Amino acid sequence: MTEQRKDILDMLAAGTISAEEAEQLIAALERDQAPALAGHDARPKGKVKYLRVMVDATDNGEPSRVNVRVPLQLLRAGVRLAALVPPQALVKANASLSDSGVPIDLTQLKPEQLEALVEHLDEMTVEVDSPDATVRVFCE
Amino acid sequence: MPRLVTVRVNRPDRRPVRVWVPVLPVVLVLFPVVVLVVLAAIVACVVFRIGVVRALGASWRVISALPGARFDIEQGRTAVLVAIR
């Protein structure tokens, strides 16, 4: 129950307003709240279909540009495929990553976690601005 | 499943190359190779003790999810575009 609705009911209980007035006030409150809630989450969930990665950079004085669009469905399918990687391969990959200075334990990364990550990608926007490069990662 | 793959390559001082690859006819032409690849994948799954049905299902999902993917890379006057529809 919202604070305003509670105030209206308190006023009704105290006899300050009549039942009809309370009903009108609650109806007005609901009318005000509906657009506010719609605006809060304006981007409809489940509508985003693609992950976009855009890079604009200058490399040795030459402009370079990368524009990648990956369907989110492909990421989900990739997660399912990655779940099939045998544990012995993950151990070897861990050793190689560790040798490269990236001590990540891939065996701790569960498919459910990756799927949850993909599910919430639509709320993510990453923007990196540096003097000679701009990177944007977002969903559309 | 992907229907058409478009590849465009722009190189300095050369004519741009644009190729449209219809996936289904190419798969049909390369069907013997596709069968061999699938058999090799099945053998690999058995050797590494991976569920064959799960692996084939996951691979099919990846292939089915490819339409809409687009990779566009430009470096100076050189550009490569791959679009899957």
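Computed from a prediction, not measured in an experiment: that's the story for all the values here.

A word on the overall build of chain A. In terms of helices and strands, chain A carries five helices and four strands. From first element to last, N terminus to C terminus, chain A shows the α and β order α-α-β-β-α-α-α-β-β. Taken over 140 residues, chain A has a buried fraction of 21%. Long-range contacts, defined here as pairs at least 24 residues apart, represent 48% of the contacts in chain A between residues at least 6 apart. When the accessible surface of chain A is totalled, it reaches about 9,600 Å², and 57% of it is carbon and sulfur.

Close approach of charged atoms allows side chains with opposite charge to pair. All told, the structure shown has six salt bridges over all chains when counted by the stated rule. Here A:R65 and B:D72 are joined by a salt bridge, their closest N and O atoms 3.7 Å apart. You can see A:R65 sitting in strand β2 (residues 62-71) and its partner B:D72 sitting in strand β3 (residues 70-75), one on each of two chains. We note a salt bridge from B:E74 to A:R65, for which the minimum N-O separation is 2.8 Å. A residue pair is termed interchain when its members come from two chains, as with B:E74 in strand β3 and A:R65 in strand β2. Residue classification places A:R65 among the partly exposed residues on the basis of a relative accessible area of 29%. Sharing partners across several salt bridges, the network here consists of A:R65, B:D72 and B:E74.

On to the domain arrangement of chain A. Domains assigned within chain A are domain 1 (3-40) and domain 2 (50-139). Summarising the inter-unit geometry, the C-alpha centres of domain 1 of chain A and domain 2 of chain A are found 47 Å apart.

Our next topic: the packing of aromatic side chains. A complete count under the given rule lists zero aromatic pairs over all chains for this structure. Over the face of the ring belonging to A:Y50 we find A:R69, whose NZ or CZ atom lies 4.4 Å from the ring centre.

Residues and elements named next belong to chain B. Phi is positive for D13, which is not a glycine, with a value near 65°. By the secondary structure assignment, D13 is in the loop between β1 (4-10) and β2 (17-22). What makes D13 exposed here is its relative accessible area of 72%.

Moving on, we get to the interface of chain A and chain B. Every contact between the two is made by 21 residues of chain A and, on the other side, 20 residues of chain B. In this assembly, chain A packs against chain B so that about 1,800 Å² is buried in total across both faces, 59% of it on carbon and sulfur atoms. In terms of surface lost to chain B, no three residues of chain A exceed A:R65, A:L74 and A:L84, which account for 31% of the buried area on that side. Summed over the shared surface of chain A and chain B, the result is five residue pairs in polar contact (both at pLDDT 80 or more). Contributing elements (two or more residues each) for the side of chain A that touches chain B: β1 (50-59), β2 and α3 (72-82) of chain A.

This part covers the packing of α3(A) against helix α5 (residues 111-119) of chain A. Residues and elements named next belong to chain A. One way to put it is that α3 packs onto α5 with a least axis distance of 9 Å and a crossing angle of 175°. Judged on the interaxial angle alone, α5 and α3 are roughly antiparallel. Along its contact with α3, which presents L72, L75, R76, V79 and R80, the element α5 presents P111, L114, E115, V118 and E119.

Our focus in this paragraph is the side chain of A:S64. Positionally, A:S64 belongs in strand β2. Apart from residues lying up to four places away in sequence, A:S64 is in contact with A:V55, A:D56, A:A57, A:D59, B:E74 and B:Q75.

On to the pairing of strand β3 (residues 125-130) of chain A. The pairing of β3(A) with strand β4 (residues 133-139) of chain A spans six bridges and is antiparallel. Residue pairing in the sheet places A:E127 in a bridge with A:R136 of β4(A).

Take the confidence of the model for chain A next. Fine structural detail should not be taken from predicted coordinates in areas where pLDDT scores are low. Of all residues in chain A, 87% attain a pLDDT of 70 or more, and the chain-wide mean is 80. Confidence drops under pLDDT 50 across residues 37-43 of chain A; counting only partners more than four residues distant or on other chains, this segment forms five contacts.

Scoring rules and cut-offs
- Residues numbered from 1 in each chain as written.
- Chains lettered and ligands numbered in written order.
- Predicted model: local features only at pLDDT ≥ 70, side-chain atom pairs only at ≥ 80, totals over all residues.
- Heavy atoms only, no water.
- Helix = DSSP H or I, 4+ residues; strand = E, 2+ residues; numbered from the N terminus.
- Buried < 20%, exposed > 50% of the residue type's maximum accessible area, 1.4 Å probe, protein only.
- Contact = heavy atoms within 4.5 Å.
- Areas by Shrake-Rupley, 256 points an atom, 1.4 Å probe, with all protein chains shown as cover.
- Salt bridge = Lys/Arg side-chain N within 4 Å of Asp/Glu carboxyl O.
- Domains from an automatic or database assignment.
- Phe/Tyr/Trp six-rings, centres within 6.5 Å; stacked < 30°, edge-to-face > 60°.
- Lys NZ or Arg CZ within 6 Å of the ring centre and 35° of its normal.
- Buried area = accessible area lost by both parts, 1.4 Å probe.
- Polar contact = N/O pair within 3.5 Å; in protein donor to acceptor, adjacent residues only side chain to side chain.
- Axes fitted to C-alpha atoms, helices over the stretch in contact; angles between N-to-C directions.
- Parallel < 35°, antiparallel > 145°, perpendicular 65-115°, else oblique.
- Pairing = 2+ DSSP bridges.
- pLDDT = per-residue confidence, 0-100.

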